[in-house]
Amino acid sequence: MSATVLIVDDEDMARNFVGEALKDAGYETIEAGCLADAQKAIDASEADVILLDVMLPDGSGLSLLDRIALENPSPPVILITAYGEVDTAVEAMKKGAIDFLQKPVDLKRLLQAVDRAKELISMRRELDLLRHPAANQIEMIVGETPAILRIMREAQRAAQASASVMITGETGTGKEVLAQAIRQMGPRADRPFIPINCAALPDTMIESELFGHEAGSFTGATKRKPGLIEVADGGILFLDEISSTKQEVQVKLLRVLEDHAFRRVGGVNEISVDIQILAASNRNLPAMMKEGKFREDLFYRLKVVDLHLPPLRERKSDIPALVGSFIRQINIRTGALITGITPRAIDALKSQYWPGNIRELRHVIERAMLFCDDEVIDIGHLPPEFQETQA
Ligand SMILES: Nc1ncnc2c1ncn2[C@@H]1O[C@H](COP(=O)(O)OP(=O)(O)OP(=O)(O)O)[C@@H](O)[C@H]1O
Ligand SMILES: [Mg+2]
């Protein structure tokens, strides 16, 4: 998402200096030298973020804050004050400014403040998707850090080509969500999508679940049963936690990938299938291969496209957008009417390590919404350990 920053300052030099830095960082900029011009840009909804100087020829920047607050959505404002004007800064924050910087402006701080404002906007955009019902159909991949954008591009190609995909990442990073997204993006969207959690089934069961069996092939197999691979014919088989499969099953899966054929347990006939295989694992497969626990040939055959989802702590700038999308989803599901979350609470969320990744973040937001009697989630609605980090 690109954002347009409105720079309100009466000094040309100051505007140029800040404007160049923002353009270098990938922002679009527009400039205003007085309150009246700033108001015009705001009325035309040209500004996503506003950098506001206080002393302007036609009045105080603070007077603009009240008017900005009336806008819907109201663009986040970062106030620029002269050195030592702490009272002004405090008043501005009360009136809804999200941050303030003192002159002379430190560019690094400035970019941090603008980046943060941009994250707030992406949170609001996610929340506002409510107005576009079509967007609610599938659980969408939220996020725009470079790693996620690259994953989405590659996922799209894999989907269109029906290629095998290996999805790795820690628990809760969204492997299953990504598998579903690949399904939605490809020609098999309305074909079967058959998930099987290899870690949840005993080895013997996995084999007969996947490949099916003939009557009498083992004790208790009284009837012929088709395997999930047959059920998935024409569609997608999602092998979740594939590292839990034993070698025999791995060999058979390799055959399915190479020859598009397999035999039922106890069967003699070859059965041909056309399936796309998506596999996922939160274990370190290369390490397992070294220990001889996972077959290299299968690994290389599976990872025609190899998608590694980064842990949440490596994509913290996606947290506001994720939170926005969770609030929206939970509002719909529970009838809650939460309209947002304070920048303070966002900062507290961003300061965490998140071992449970996106799933854990979702749970924290669910809990916060349960405890929140206001319209806006604040730091007090987060679990106690989130409040300590702010001390
Ligand atoms: N990109 C995303 N955008 C929005 N929500 C997401 C995203 N990724 C994951 N989630 C949320 O996080 C939850 C966990 O995701 P998912 O079940 O896909 O994780 P996983 O990587 O398969 O975890 P595990 O290894 O524990 O099976 C999902 O139910 C969803 O709510
Ligand atoms: Mg999973």
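In this text, all values refer to a predicted model and were calculated from it rather than measured experimentally.

### Quick word on the sheet that holds strand β9 (residues 193-197)
Line of reasoning, step 1. Pairing within the open sheet is parallel, and its five strands lie in the order β9-β12-β15-β8-β16. In this open sheet, the two strands that pair with only one neighbour each are β9 and β16 (305-308). Across the sheet, the mean angle separating the axes of adjacent strands is 15° when strand polarity is ignored.
Line of reasoning, step 2. Alignment of strand β8 (residues 165-168) against β16, held across four bridges, turns out to be parallel. Note that in β16 the partner of Met166 across the bridge is Asp306.
Line of reasoning, step 3. Packing of helix α6 (residues 146-161) onto the sheet brings it into contact with β8 and β16, and relative to β16 it is tilted by some 150°.
Line of reasoning, step 4. Running over the sheet, helix α7 (residues 175-185) touches β8, β9, β12 (236-240), β15 (276-281) and β16 and is turned about 165° from β15.

### Quick word on the nonpolar core
Line of reasoning, step 1. Ranked by size, the top nonpolar core spans 98 residues in total, and within it Leu51, Ile78 and Ile167 carry the most contacts.
Line of reasoning, step 2. It is helix α5 (residues 107-128) that provides the largest number of residues to this core, a total of seven residues.
Line of reasoning, step 3. If sequence neighbours within four positions are ignored, Ile167 has contacts with Lys175, Leu178, Ala179, Leu278, Ala279, Ala280, Leu307 and Leu309.

### A few points about the sheet that holds strand β3 (residues 49-53)
Strand pairing within a sheet occurs via backbone hydrogen bonds; the two strands may be parallel or antiparallel.
Line of reasoning, step 1. Spatially, five strands are ordered β2-β1-β3-β6-β7 in an open sheet, and the strand pairing comes out parallel. Each edge of the open sheet is held by one strand with a lone partner, namely β2 (28-32) and β7 (99-102). Pairs of neighbouring strands in the sheet enclose a mean axial angle of 20°, with direction left out of account.
Line of reasoning, step 2. In this sheet, β3 lies alongside strand β1 (residues 4-8) in parallel orientation, the contact comprising four bridges. Within β3, the position partnered with Val5 by the bridge is Val49.
Line of reasoning, step 3. Along the sheet, helix α3 (residues 61-70) makes contact with β1, β3 and β6 (77-81), crossing β3 at roughly 155°.

### Observations concerning the pairing of β12
Line of reasoning, step 1. Burial analysis of β12 places five of its five residues in the buried class, the great majority of the element.
Line of reasoning, step 2. Across the two faces of β12 the burial is the same, with Ile236, Phe238 and Asp240 and Leu237 and Leu239 all buried.
Line of reasoning, step 3. Here β9 runs beside β12; their pairing, made up of five bridges, is parallel. Note on β12: the bridge partner recorded for Phe193 is Ile236.
Line of reasoning, step 4. As paired elements, β12 and β15 share four bridges and run parallel to each other. By the bridge assignment, Ile236 is partnered in β15 with Gln276.

Conventions and cut-offs
- Residues numbered from 1 in each chain as written.
- Chains lettered and ligands numbered in written order.
- Predicted model: local features only at pLDDT ≥ 70, side-chain atom pairs only at ≥ 80, totals over all residues.
- Pairing = 2+ DSSP bridges.
- Helix = DSSP H or I, 4+ residues; strand = E, 2+ residues; numbered from the N terminus.
- Axes fitted to C-alpha atoms, helices over the stretch in contact; angles between N-to-C directions.
- Contact = placed C-beta atoms within 7 Å.
- Core = buried A, V, L, I, M, F, W, Y, C linked by C-beta atoms within 7 Å.
- Buried ≥ 20, exposed ≤ 12 C-beta atoms within 10 Å, placed from the backbone.

All quantities given are derived from atomic positions and should not be read as evidence of function.
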